[in-house]
Amino acid sequence: MNSKVEKHYEQSVDENLNVLNRTQRIIKMALEEMREKDGKYELLKEPLRSLSVRIPVKMDNGTVSVFTGYRAQHNDAVGPTKGGIRFHPDVTEEEVKALSIWMSIKCGIMGVPYGGGKGGIKCDPRKMSFTELEKLSRGYVRAISQIVGPTKDIPAPDVFTNSQVMAWMMDEYSHIREFDSPGFITGKPIALGGSLGRESSTALGVVIATKEAAKLIGLPIKEARVIIQGFGNVGSYVAKFFHDVGIKVVGISDALGALYNPDGLDINFLLDNRDSFGSVTNLFENRITNGELLVQDCDILIPAAIENQLTEHNAHDIKAKIVVEAANGPTTLRATEILRENNVLLVPDVLANAGGVVVSYFEWVQNNQGYYWSEQEVNEKLELKLVEAFSRVYTTSIRKNVDMRLAAYMVGLERMTKAIEFRGWV
């Protein structure tokens, strides 16, 4: 790593920084490495607009609960903003802002003509009925309807939201606008204009990125032992993709604990017996903790759960040769530095899990055309984009002598910074 970047990392290793602060640090480092004007950082360090809303919902017991929701739109210099909506008790405005920035970076890396957006509602969907979730979904759309739309900001599923939630939101938006608007939102059911391959697209992108990383270090992927932290939508699909082609998955985890078997796990059994929130480890007595799973022996480690899982406290104990970030923000800046020092190849989240936004883009294109592609065509187009993006990020990391995360931000910011300059904003 060059001396200038090393200096920035030394100034950026505070593990207590929130996710927005950390993201801003990386953006600043990337823009300075790119020799961009200071004004661009001032513009890009925060979303162009961020809306906070209050959503009243009449609950099944007759009481009214008021939920707080957010929608952040990072930058629309390249095109409309795009990004998921999450339902989670820990949603904060700072997190939503950071996630919108990450979406901008992902879109830039993948060559998708969007800026980043993100939304969230502070709630616990696990404690809400189907009817209450529908009311909340529709109320959120009513609250943000003036700033979203197929040419403004296109939402999608995220944590604890799914195609049914997207269907309710699309229906509500169509009622407000008084015309059918499938292009308003992606991740919809196939019957309502969803794209084949969308549900598994983030996981497929992770698998493609993992294969490319294995090629770089000369690791035969069929001989690799894989640990996946997280067994939700992304983690479970990644596990199944690997298991189906004979790659040994030796560890998985959910919110309740983790399973590890050096001889490999029966992934099909685990998939068949998990509950609706992806939990399955409670069926086993010999489970370990999520923290213990991360430091078990393996070749490839895929954090696919939540933020801040690899830190300065456990990064030195990681035994994997490759870490592929399927989750958003699972590795702190200090841990990123430690992994690089230990010759662990880290594939950053903004590259590894960008498959979802790519196929969301494909869905939007299909909605606009009124012509729909086969799943094979969708997957082939996704692979082409991901392989090309991976090569571009890795080449930049070698050319600039920086880690893959910083290189990914540099690639992701390039088109946006040019668009900002051409528009005369800075």
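All values derive from a computational prediction rather than experimental measurement.

**Some thoughts on the pattern of salt bridges**
Under the definition given, this model contains 27 salt bridges. Here Asp153 ties to Arg71 by a salt bridge, and the two come within 2.7 Å at their closest N and O atoms. Here Asp153 is found in strand β5 (residues 153-157), whereas its partner Arg71 is found in strand β2 (residues 64-73), with 82 residues between them in sequence. Since its relative accessible area comes to 0%, Asp153 is described here as buried. On the accessibility criterion, Arg71 (0% relative accessible area) is buried. The partner of Asp158 in a salt bridge is Arg86, with the nearest N and O atoms 2.8 Å apart.

**A closer look at the packing of helix α2 (residues 19-33) against helix α15 (residues 404-423)**
Helix-helix packing is characterised by the crossing angle of the two axes and by the distance between the axes. As a packed pair, α2 and α15 sit with axes 9 Å apart at the nearest point and diverge in direction by 70 degrees. One way to sum up the angle between α2 and α15 is to call them roughly perpendicular. The residues of α15 that touch α2, namely those facing Thr23, Ile26, Ile27, Met29, Ala30, Leu31 and Glu33, are Arg405, Leu406, Tyr409, Met410, Leu413 and Thr417. Considering only residue class, the contact of α2 with α15 consists of 9 nonpolar, 2 polar and 2 charged.

**A look at the confidence of the model for the chain**
Mean pLDDT over the chain stands at 92; residues scoring 70 or higher make up 95%. Per-element mean pLDDT across the chain ranges from 46 in helix α1 (residues 3-10) up to 98 in β2. Under a pLDDT of 50 for its full length, residues 3-13 has, in the predicted model, 21 contacts with residues more than four places off or in other chains.

**Here we look at empty space enclosed by the protein**
What the rule picks out here adds up to 2 cavities of 30 Å³ or more. In this structure, the largest cavity occupies an estimated 90 Å³ of space. Taken together, Val19, Arg22, Thr23, Ile26, Trp102, Gly329, Thr331, Thr332, Leu333, Asp349, Arg405 and Tyr409 form the lining of the largest cavity. Breaking the lining of the largest cavity down by element, the ones donating at least two residues are α2 and α15. When the residues that make up the lining of the largest cavity are grouped by side-chain class, the tally is 5 nonpolar, 4 polar and 3 charged. The volume enclosed by the second largest cavity comes to roughly 40 Å³. In terms of lining, the second largest cavity is formed by Val78, Ser104, Cys107, Gly108, Val112, Tyr114, Gly412, Arg415 and Met416. At the level of elements, α4 (93-110) and α15 are the ones that each hand at least two residues to the lining of the second largest cavity. Of the residues belonging to the lining of the second largest cavity, the class tally is 5 nonpolar, 3 polar and 1 charged.

**What to know about the environment of Ile318**
Looking at the secondary structure, you find Ile318 in the loop between β9 (300-303) and β10 (322-324). The spatial distance from the C-alpha of Ile318 to the C-alpha of Asp171 is 46 Å, given a sequence separation of 147 residues. Other than its neighbours up to four places away in sequence, Ile318 contacts Leu294, Val295, Leu301, Leu310, Val323 and Leu339.

**Focus on the sheet that holds β5**
Read across the open sheet, the 5 strands follow the order β1-β2-β4-β3-β5; overall the sheet is mixed. A single partner strand is all that each edge strand has here, and the edge strands are β1 (49-58) and β5. Strand-to-strand, the axes of this sheet are offset by a mean angle of 25 degrees, without reference to chain direction. Across 5 bridges, the pairing between β2 and strand β4 (residues 115-122) is antiparallel. Considered in β4, the bridge of Arg71 is made with Gly119.

Each value, and the rule that gives it
Residues numbered from 1 in each chain as written. Predicted model: local features only at pLDDT ≥ 70, side-chain atom pairs only at ≥ 80, totals over all residues. Heavy atoms only, no water. Salt bridge = Lys/Arg side-chain N within 4 Å of Asp/Glu carboxyl O. Helix = DSSP H or I, 4+ residues; strand = E, 2+ residues; numbered from the N terminus. Buried < 20%, exposed > 50% of the residue type's maximum accessible area, 1.4 Å probe, protein only. Axes fitted to C-alpha atoms, helices over the stretch in contact; angles between N-to-C directions. Parallel < 35°, antiparallel > 145°, perpendicular 65-115°, else oblique. Contact = heavy atoms within 4.5 Å. Nonpolar A, V, L, I, M, F, W, Y, C, P; charged D, E, K, R; others polar. pLDDT = per-residue confidence, 0-100. 1 Å grid on protein atoms, 1.4 Å probe; cavity = no way out; pocket = protein on both sides within 12 Å on 5 of 7 lines; lining within 4 Å. Points joined across faces, edges and corners; volume = space filled by probe spheres on them. Pairing = 2+ DSSP bridges.

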